[in-house]
Amino acid sequence: MSEETTTVELPKELQKIADTLDGLTLLQASTLVKALEEKWGVSAAAPAAVAAAGPAGGGEAEEEQTSFDVILESIGDKKIQVIKEVRAVTGLGLKEAKALVDGAPGPIKEGVSKEEAETIKGQLEGAGGSVKIA
């Protein structure tokens, strides 16, 4: 038995936008999200926060978080070491990693397991950065 996947047919204008978004780097996508959040006064994290809060009844057990984001809060005084670690963690080139570090606070890696998030946090903090896991 084979599984069928369904795709949504987009109008030509929307397909162009989807194709453009698909080609963005992580840094470009992050910058775009921040700009849109400011412009429209919304937060892309809001639906995730509501889902993580669990049911309002309180009688049911909360679902354990399985996906984590590693956020570089600040770079400290060892910028070069932090850039090196960001490159190692993300696979980005020097220019992109530097821009990501210069843009702190911001996400370094999103949607990773708790173990991977803790490992990345340790690497970045070892290089002198300040990191939080969300």
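Anything mentioned here points back to the structure above.
Residues numbered from 1 in each chain as written. Predicted model: local features only at pLDDT ≥ 70, side-chain atom pairs only at ≥ 80, totals over all residues. Heavy atoms only, no water.

### Digging into the overall build of the chain
Each helix and strand in the chain was counted, giving six helices and three strands. Listing every helix and strand of the chain by position from the N terminus yields α-α-α-β-α-α-β-α-β. The 134 residues of the chain split such that 19% are buried. Sequence-distant contacts in the chain: of pairs separated by 6 or more residues, those separated by 24 or more amount to 65%. For the chain, the exposed area adds up to about 9700 Å²; of that, 54% sits on carbon and sulfur atoms. (Helix = DSSP H or I, 4+ residues; strand = E, 2+ residues; numbered from the N terminus. Buried < 20%, exposed > 50% of the residue type's maximum accessible area, 1.4 Å probe, protein only. Contact = heavy atoms within 4.5 Å. Areas by Shrake-Rupley, 256 points an atom, 1.4 Å probe, with all protein chains shown as cover.)

### A closer look at the environment of Gly129
Looking at the element boundaries, Gly129 is found in the loop between helix H6 (114-126) and strand S3 (130-133). As a C-alpha pair, Gly129 and Lys79 span 50 residues in sequence and 8.0 Å in three-dimensional space. What Gly129 contacts, discounting residues up to four positions off in sequence, is Leu72, Ser74, Ile75, Val82 and Leu124.

### Points about helix H4 (residues 79-90)
The α-helix winds at 3.6 residues per turn, so residues separated by three or four positions along the chain end up facing the same way. Over its twelve residues, H4 extends 16 Å from the first C-alpha to the last, a length consistent with the 16 Å expected when each residue adds 1.5 Å. For H4, the set of buried residues is Val82, Ile83, Val86 and Val89. Looking straight down H4, one finds its buried side chains confined to an arc of 130°; they lie on one side. Opposite the packed face of H4, turned more than 90 degrees from it, sit the exposed residues Ile80, Lys84 and Ala88. Positive backbone phi, approximately 80°, marks Gly91, located one or two places after H4. (Expected span 1.5 Å × (residues − 1). Arc of directions from axis to C-beta.)

### Some words on the pairing of strand S1 (residues 68-74)
Of the pairings in the sheet, the one linking S1 to strand S2 (residues 106-112) comprises four bridges and is antiparallel in character. Considered in S2, the bridge of Leu72 is made with Gly106. Bridge count for S1 against S3 is four bridges, and the pairing is antiparallel. Counted as the bridge partner of Ile71 is Lys132 from S3. (Pairing = 2+ DSSP bridges.)

### Notes on the nonpolar core
Ranked by size, the top nonpolar core spans 20 residues in total, and within it Val70, Leu72, Val82, Val86, Val101, Ile108 and Leu124 carry the most contacts. Put simply, the parts of the chain that give this core at least two residues each are S1, H4, helix H5 (94-102), S2 and H6. Tallying contributions element by element places H4 first for this core, with four residues. (Core = buried A, V, L, I, M, F, W, Y, C linked by side-chain atoms within 4.5 Å.)

### Some words on H5
When H5 is considered as a whole, its buried residues turn out to be Ala97, Leu100 and Val101. Projected down its long axis, H5 carries its buried residues within an arc of 95°, all on one side. Those residues of H5 hidden inside the fold are in contact with helix H2 (26-40), S1, H4 and S2.

### What to know about the pattern of salt bridges
Should their charged atoms come close, side chains of opposite charge can pair. Applying the stated criterion across every chain yields a total of three salt bridges. Linking Glu116 and Lys109 is a salt bridge whose minimum nitrogen-to-oxygen distance equals 3.9 Å. Exposure remark for Glu116: the relative accessible area of 33% places this residue in the partly exposed category. Through salt bridges with shared partners, a single network forms among Lys79, Lys98 and Asp102. (Salt bridge = Lys/Arg side-chain N within 4 Å of Asp/Glu carboxyl O.)

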